[in-house]
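Architecture at a glance
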Amino acid sequence: MPTRHRLRGMLALATSQLRGHRTATVLAVGGVAVAVLLVVLLGGVGYGAATSGGDAVSWFERDLWVTGGGAQLRPGSVEGVANPIHDAHELGRELEARPGVEHAQPFAFQTVYLGTDPDDLETVVGVGVGGDAGRLRIASRFTRRDRHYANGTYEGPMTRRVVVDERTAARYGLDVGDTVHIGGTVTAAREQTFTVVGTPRDLSNLLGAPTVGMHLSELQEVTGTTGTDPAALLTLTLAPGARPAAVERAIERRPEGLDVRTGREQFRATVASRAPTIGSLVALVALSVVAGVALVVNVLAHVVARQRRHLAALNATGVSAATLTGVVALQGGLLGLAGGVVALLAVGPAAAGLNHAVERLTGFPGLVVLPPWLAAGGLVLAVGLGVLGAAVAGRRVARLDPIATLER
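Since the structure is predicted, the reported quantities are computational estimates derived from the model, not experimental observations.

Reading the values: rules and limits
- Residues numbered from 1 in each chain as written.
- Predicted model: local features only at pLDDT ≥ 70, side-chain atom pairs only at ≥ 80, totals over all residues.
- Heavy atoms only, no water.
- Helix = DSSP H or I, 4+ residues; strand = E, 2+ residues; numbered from the N terminus.
- Contact = heavy atoms within 4.5 Å.
- pLDDT = per-residue confidence, 0-100.
- Core = buried A, V, L, I, M, F, W, Y, C linked by side-chain atoms within 4.5 Å.
- Buried < 20%, exposed > 50% of the residue type's maximum accessible area, 1.4 Å probe, protein only.
- Pairing = 2+ DSSP bridges.
- Phe/Tyr/Trp six-rings, centres within 6.5 Å; stacked < 30°, edge-to-face > 60°.
- Lys NZ or Arg CZ within 6 Å of the ring centre and 35° of its normal.
- Salt bridge = Lys/Arg side-chain N within 4 Å of Asp/Glu carboxyl O.

Before going further, it helps to examine the environment of Thr-193. Along the chain, the position of Thr-193 falls in strand 6 (residues 193-198). In this view, Thr-193 contacts Arg-160, Val-180 and His-181; residues no more than four positions away in its chain are not counted.

Okay, here's the thing in structure tokens:
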């Protein structure tokens with residue numbers, strides 16, 4: 001019999017057997033679809049974090065990060081966040097004067113009250129940007145120089161200009177030119193207003209929370225922390241040709257015990273801090289893959305058991321065990337292919353829903369990115385799951401004894 005006709009007959013037999021066990025077939029297709037959907041979505045998260053889809057990663061592109069310890073939220077206090085570095089402006093100037101350092105920029109994170117109505121205020125994260133704020137996309141409309149600091153006196157004029165992240169701006173109906181109340185306490189916020197000069201989308205990606213950005217000295221002023229000039233960290237941009245390792249060693253020899261990391265090290269530290277969440281996601285994906293294979297194996301084993309006499313009769317009439325095993329393999333491939341198609345049909349809406357949920361919870365937009373090759377890989381994985389399940393179930397066919405089976 002020509003190979004083409006044999007394959008056509010095997011395919012017809014495979015599909016007829018699956019149609020005869022519709023409930024089990026639907027379960028197997030669903031199991032493969034869930035497994036593939038989770039794998040593709042997790043891959044989309046990883047790809048999005050490594051490319052333009054994960055805007056938060058752009059903050060790790062600085063050459064060096066200088067910290068003095070973890071910045072921890074302290075609910076109930078005026079400042080809200082522990083900023084362990086003191087004399088941040090002076091430290092920034094000192095580091096900027098070192099060989100190989102082109103620019104040093106301190107950042108402080110403080111909880112502040114914000115609202116358009118002085119009687120309706122909510123807490124958001126205030127980001128204080130030191131140095132030349134014009135270097136940052138989030139502060140492109142700031143006055144570049146931090147004029148209020150005035151060489152440590154905090155007597156210079158305040159610009160009273162802020163940028164508000166897109167999500168917070170939408171919540172309060174804010175646009176460029178609007179005024180908003182901001183302060184470290186409810187009373188302080190009611191008494192002072194600031195002008196919105198921008199509503200950038202990526203501002204909240206600093207911390208993954210509703211955020212307002214302003215000059216460092218002005219944030220310190222409204223939160224009552226000018227006495228210690230605190231900051232959570234400084235980011236360093238190195239001059240062309242400078243060796244990061246040498247600059248890092250020189251800074252870490254300072255008596256303050258500063259911790260210096262490269263952008264890659266800072267990114268790894270951030271990922272490591274989320275290890276339990278990442279581990280849970282990986283475990284969930286692994287479990288779904290195992291469940292998908294198990295469902296395919298059980299369905300095919302069920303089909304083989306129900307069709308045992310039929311398969312034995314075919315074997316006795318001259319149909320080889322290899323051909324019958326091929327029928328089971330085709331069934332597995334069909335189950336996998338159907339599950340893959342279902343997963344690809346669902347992955348678009350699922351990714352959109354996941355992006356919406358992640359943005360609402362963390363402020364990170366477009367974190368899930370699905371390139372075409374990832375979808376193709378998901379389809380290949382689906383077929384692979386089906387074939388793997390068929391390989392396990394096909395052993396029963398290979399061991400089938402037609403005479404003993406028909407005599408029962």
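Further notes follow.
Here we take up the confidence of the model for the protein. Close inspection of predicted coordinates is inappropriate in any region flagged by low pLDDT. Per-residue pLDDT for the protein averages 75, and the proportion of residues at 70 or more is 65%. Confidence scores differ between elements of the protein, with helix 13 (residues 402-407) showing the lowest mean pLDDT of 51 and strand 5 (residues 179-183) the highest of 94. Counting interchain partners and residues more than four positions distant, the pLDDT-below-50 stretch residues 71-80 has 21 contacts.

Ranked by size, the top nonpolar core spans 20 residues in total, and within it Leu-114, Val-162, Val-164, Leu-174, Val-180, Ile-182 and Val-212 carry the most contacts. Those elements giving two or more residues to this core turn out to be strand 2 (101-117), strand 4 (161-164), helix 4 (166-172), strand 5, strand 6, strand 7 (211-215) and helix 6 (216-223).

Residues Leu-64 and Val-66 line one face of strand 1 (residues 64-67) and the alternating positions Trp-65 and Thr-67 line the opposite face, and both faces are buried. Here strand 1 runs beside strand 8 (residues 233-238); their pairing, made up of four bridges, is antiparallel. Pairing of Val-66 across the sheet is with Leu-234, part of strand 8. Taken together, the four bridges between strand 1 and strand 9 (residues 259-262) define a ladder with antiparallel strand orientation. In the strand pairing of strand 9, Trp-65 is matched with Arg-261.

Below, the discussion takes up the packing of aromatic side chains. Throughout the structure, instances matching the rule amount to one aromatic pair. Between Tyr-149 and Tyr-154, the ring centres sit 5.3 Å apart and the planes meet at 90 degrees, which makes this aromatic pair edge-to-face. Each member of the pair, Tyr-149 as well as Tyr-154, carries the same accessibility label: buried. Note that Arg-160 overlies the ring of Phe-194, its terminal NZ or CZ placed 5.0 Å from the centroid. One Lys or Arg, Arg-171, reaches over the ring of Tyr-172 and ends 5.8 Å from the middle of that ring.

Throughout the structure, instances matching the rule amount to two salt bridges. Across the salt bridge formed by Arg-93 and Glu-90, the nearest N and O atoms sit 2.6 Å from each other. Here Arg-93 pairs with Glu-90, and both are found in helix 3 (residues 88-96), just three residues apart, close to one helical turn. Two residues, Arg-171 and Glu-122, come together in a salt bridge whose shortest N-O distance is 2.5 Å. With Arg-171 in helix 4 and Glu-122 in strand 3 (residues 120-129), this pair connects stretches of sequence that are 49 residues apart. The partly exposed category is assigned to Glu-122, whose relative accessible area is 30%.

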